[in-house]
Amino acid sequence: MIKYIFQISDLCIFRRSYINIIHAIGNLIEQINKFPKGEILLVIAGNVFEYRVKVSAYDIQVFHGICGRLSKNKIPTVIVPGIHDICLLYTSDAADDSL
């Protein structure tokens, strides 16, 4: 049963933020591991990536590494993408009318 929900927002992964994000995730995992397994949930809300159309291969590797660390530590995680995580290359009047 989930008793504790941890939430972080707007990772905004991009080249200049790698070291800070990796360090912050390490600190977060350390704190979460102080709570009983099976009673925790991590929610990553908002923009995982900084730029919606300029996500580099290394950005993806950093994200994959974060997911791997969470998995290795058995931290159940829900990721809610933000507007930066959705590429809106196609628009049409029909799509606009349905909003």
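First things first, this report covers the structure right here in the doc. (Residues numbered from 1 in each chain as written. Predicted model: local features only at pLDDT ≥ 70, side-chain atom pairs only at ≥ 80, totals over all residues. Heavy atoms only, no water.)

On to helix 1 (residues 18-32). For helix 1, built from 15 residues, the straight-helix expectation of 21 Å at 1.5 Å per residue is met to within 8% by its first-to-last C-alpha distance of 21 Å. Buried residues of helix 1: Y18, I21, I25, G26, L28, I29 and I32, and no others. The arc that holds every buried residue of helix 1, seen down its axis, measures 165°, which confines them to one face. Seen from the buried face of helix 1, the exposed residues on the opposite side, beyond 90 degrees, are I19, N20 and H23. (Helix = DSSP H or I, 4+ residues; strand = E, 2+ residues; numbered from the N terminus. Expected span 1.5 Å × (residues − 1). Buried < 20%, exposed > 50% of the residue type's maximum accessible area, 1.4 Å probe, protein only. Arc of directions from axis to C-beta.)

For the rest of this paragraph, the subject is the packing of aromatic side chains. What characterises a pair of aromatic rings is the spacing of the ring centres plus the angle enclosed by the ring planes. Under the defined criterion, the tally for this structure stands at five aromatic pairs. Connected via pairs of aromatic rings, a cluster forms that spans Y4, F6 and F35. One residue, K54, lies across the ring of Y51, its end atom 4.8 Å from the ring centre. (Phe/Tyr/Trp six-rings, centres within 6.5 Å; stacked < 30°, edge-to-face > 60°. Lys NZ or Arg CZ within 6 Å of the ring centre and 35° of its normal.)

Regular strands show a simple pattern: their side chains alternate between the two faces of the sheet. A large share of strand 2 (residues 40-46) lies buried, amounting to seven of its seven residues. Pairing of strand 1 (residues 4-9) with strand 2, which is carried by six bridges, proceeds in the parallel orientation. Residue pairing for strand 2: Y4 is matched across the bridge by I40. Handedness of the β-α-β unit built from strand 1, helix 1 and strand 2 comes out right-handed. Bridge count for strand 2 against strand 3 (residues 77-81) is five bridges, and the pairing is parallel. Bridging from a neighbouring strand, I44 pairs with I79 of strand 3. (Pairing = 2+ DSSP bridges. Right-handed = clockwise from strand over helix to strand, strands pointing away.)

Tallied over the full model, the rule gives one salt bridge. Close ionic contact of E39 with K3 constitutes a salt bridge, the shortest N to O distance being 4.0 Å. Residue E39 is located in the loop between helix 1 and strand 2, and its partner K3 is located in the segment before strand 1; the two are separated by 36 residues in the primary sequence. (Salt bridge = Lys/Arg side-chain N within 4 Å of Asp/Glu carboxyl O.)

Distance from E39 to Y4, taken between C-alpha atoms, is 6.0 Å for residues 35 residues apart in sequence. Residues within four places of E39 in sequence aside, it is in contact with M1, I2, K3 and Y4. (Contact = heavy atoms within 4.5 Å.)

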